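Architecture and fold: a report
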Amino acid sequence: MRVLFLLCFIMFAGTVFAVEIEAEGEAVIVNDDTASAKTIALSRAKWAAIESVSPAKIKIDTIINNSELADEAVKTELSATIKSFTIINEKVNDNKYIVKIKANIIPEKAESLIDGLSSDTSICVMIAGELPGDNTLYFDQALSAAIIEQLNEKGFTIKMVDYSKIKNTDYNKVFANPAYSNIKNIVKNADCRNILLGKLSITDMGNNVGYGRVSFKLISGDLNYKLISAKNNNIKILKSGFFSGRSQGATLNAAALNIYKSMANNTAVKLVSQVSETVLGNNYKSIRIVLSGGYSAIDDINMLKDDLKNIPFVLQVKEQDDKSVIVDYPDKSYYLGVFLERDNKYKVIKLSDNELIIRK
């Protein structure tokens, strides 16, 4: 009896629960190709079902534009999220194929899928500096500017924080204890998925007598930082660490300005690299994107490069020739195609692991 109970418990614990959802999708019938329109409509109905059970939302009206992409979507993404489905109604109306389905969706996998597509790369940057014997915190300095610039180049969306409204006591409190209530008190209305907190403490190391009668003030700087994820009111420290540097100047203030500049040139690169690896991962791969459709003007390639730089997680775009570019991207080429199609600016006409062929 005890064995039977244990077996039942194990079977129950291993059960994958699904919820039943009704959803509808449609597609325009092109060149009387009803079969392709049905395939696209069915895939869109499945996406609608998935979105309905996920707290995260991303509306992609043109996620699939032909049957080839529809099949790819079903095989690689939808099949793992939809346990089963049945078509409960299908019709043609106004040259559109309309499909209504009843699908059994696994909520956890749906949330993971949508969350992956709607990844939020927003980040608030607060790097405070202080002078020896001075409790005032300075946020607007060369180091902060360098970090923000490099994060922007890495594909992060910088959310600006009003530094003038941050009180020293509040910042020290949140740095010591990054609880959600403490963080909201300093970021105010800025909505940040990621938060980079830093505190540069400067120590007076005395004077260094130079040539003749010239004397320089020596200082050392220790930058402690914390990378925090703030999702759904939950706070998680993703990474923490510190960097050190030294500098000198004619005065203490001059030496402090110099160490900000020195760390902006050296430490900022290392810090941003650690942040991007933590948030984005380091498994980047190259994907070739070809702009088809006859002759492509140089302006079209430049526009494509700009559009790619605005896609989350795209870290580098290199022009290969007058019709193609190479993109460093840490995830599937399918996701990259989704973002390119999102604003109806491009259509993906062929897809493989390391190549996208698109047209305007």
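As annotated in an unreviewed UniProt entry, the protein chain is Flagellar assembly protein T N-terminal domain-containing protein from Candidatus Mucispirillum faecigallinarum.

Concerning the side chain of Thr267
Looking at the secondary structure, you find Thr267 in helix α9 (residues 267-280). Overall, the relative accessible area of 7% leaves Thr267 in the buried class. Apart from the residues lying within four places of it in its own chain, the contact partners of Thr267 are Leu223, Phe243 and Ser262.

Focus: the state of the cysteines
With the rule as written, the count across this model stands at one disulfide. With a sulfur-sulfur separation of 1.6 Å, Cys124 is cross-linked through a disulfide to Cys192. Of this pair, Cys124 sits in strand β4 (residues 122-130) while Cys192 sits in the loop between α7 (180-187) and β6 (194-209); the two residues are 68 residues apart in sequence, bridging distant segments of the chain.

With respect to the pattern of salt bridges
This structure, assessed with the given rule, holds eight salt bridges. Asp204 serves as the salt-bridge partner of Lys217, at 3.6 Å between the closest nitrogen and oxygen. Here the residue Lys217 occupies a position in strand β7 (residues 215-231), and Asp204 occupies one in strand β6, the gap between them amounting to 13 residues.

Topic: the confidence of the model for the protein chain
Confidence in the prediction of the protein chain, expressed as mean pLDDT, is 78, and 80% of residues score 70 or more. This stretch, residues 1-15, has a pLDDT under 50; its non-local contacts, to residues over four places away or in other chains, come to one contact. Counting interchain partners and residues more than four positions distant, the pLDDT-below-50 stretch residues 56-68 has 46 contacts.

Comments concerning the packing of aromatic side chains
Counted according to the given criterion, the structure contains four aromatic pairs. On the basis of an interplanar angle of 10° and a centroid distance of 5.3 Å, the ring pair of Phe139 and Tyr163 is categorised as stacked. Note that Phe139 is positioned in the loop between β4 and α5 (142-153) and Tyr163 in the loop between β5 (157-158) and α6 (168-176), a separation of 24 residues in sequence. Residue Phe139 shares its accessibility class with Tyr163, and that shared class is buried. Ring geometry for Phe139 versus Tyr171: centroids 5.1 Å apart, planes at 85°, classification edge-to-face.

Quick notes on helix α11 (residues 333-341)
The element α11 is largely enclosed, with a buried count of nine among its nine residues. Among the residues of α11, those classed as buried are Ser333, Tyr334, Tyr335, Leu336, Gly337, Val338, Phe339, Leu340 and Glu341.

Overview of the sheet that holds strand β1 (residues 19-28)
Across the sheet, which stays open at both edges, the three strands sit in the order β1-β3-β2 with antiparallel pairing between neighbours. Two strands bound the open sheet, and with one partner strand each, they are β1 and β2 (82-93). In this sheet, neighbouring strand axes are inclined to one another by 20° on average, regardless of whether the strands run parallel or antiparallel. The sheet contacts of helix α2 (residues 34-53) involve β1, β2 and β3 (96-105), and relative to β1 the element is tilted by about 140°.

So, the nonpolar core
Taken as a class, soluble globular proteins show a tendency for nonpolar side chains to be buried jointly. Met126, Ile147 and Tyr171 are the most contacted members of the largest nonpolar core, which totals 49 residues. Elements represented by at least two residues in this core include exactly β4, α5, α6, α7, β6, β7, α8 (252-265) and α9. In this structure, Ile147 is in contact with Val125, Ile127, Leu196, Ala268, Leu271 and Val272, ignoring residues within four places of it in sequence. Among the nonpolar cores identified, the runner-up in size contains 25 residues, and Ile289, Leu291, Tyr329 and Ile358 belong to it.

As for the pairing of strand β10 (residues 316-321)
Bridging between β10 and strand β11 (residues 324-329) involves five bridges; their strand directions are antiparallel. Pairing of Asp321 across the sheet is with Ser324, part of β11. The antiparallel pairing of β10 with β11 creates a hairpin that spans two residues between the two strands.

Some remarks on the environment of Glu20
Mapped onto the elements, Glu20 comes out in strand β1. It is 5.5 Å that separates the C-alpha atoms of Glu20 and Ala103, two residues lying 83 residues apart in sequence. Ignoring anything within four residues of it in the chain, the contact list for Glu20 reads Lys102, Ala103 and Asn104.

A few points about the side chain of Ser333
Take Ser333: it is sitting in helix α11. Polar contacts involving the side chain of Ser333 include one to the main-chain carbonyl oxygen of Ser352, which spans 2.6 Å.

Focus: the environment of Ser240
Relative to the elements of secondary structure, Ser240 occurs in strand β8 (residues 234-249). Given the relative accessible area of 48%, Ser240 is considered partly exposed. The sequence separation of Ser240 and Leu197 amounts to 43 residues, and the corresponding C-alpha distance is 9.4 Å.

Brief notes about α6
Residues Tyr171, Val174 and Phe175 constitute the buried set of α6. Each buried residue of α6 sits inside an arc of 100° when the element is viewed along its axis, so together they form one side. Exposed residues lying more than 90 degrees from the buried face of α6 are Thr169 and Ala176.

Conventions used here
- Residues numbered from 1 in each chain as written.
- Predicted model: local features only at pLDDT ≥ 70, side-chain atom pairs only at ≥ 80, totals over all residues.
- Heavy atoms only, no water.
- Helix = DSSP H or I, 4+ residues; strand = E, 2+ residues; numbered from the N terminus.
- Buried < 20%, exposed > 50% of the residue type's maximum accessible area, 1.4 Å probe, protein only.
- Contact = heavy atoms within 4.5 Å.
- Disulfide = S-S within 2.5 Å.
- Salt bridge = Lys/Arg side-chain N within 4 Å of Asp/Glu carboxyl O.
- pLDDT = per-residue confidence, 0-100.
- Phe/Tyr/Trp six-rings, centres within 6.5 Å; stacked < 30°, edge-to-face > 60°.
- Pairing = 2+ DSSP bridges.
- Axes fitted to C-alpha atoms, helices over the stretch in contact; angles between N-to-C directions.
- Core = buried A, V, L, I, M, F, W, Y, C linked by side-chain atoms within 4.5 Å.
- Polar contact = N/O pair within 3.5 Å; in protein donor to acceptor, adjacent residues only side chain to side chain.
- Arc of directions from axis to C-beta.

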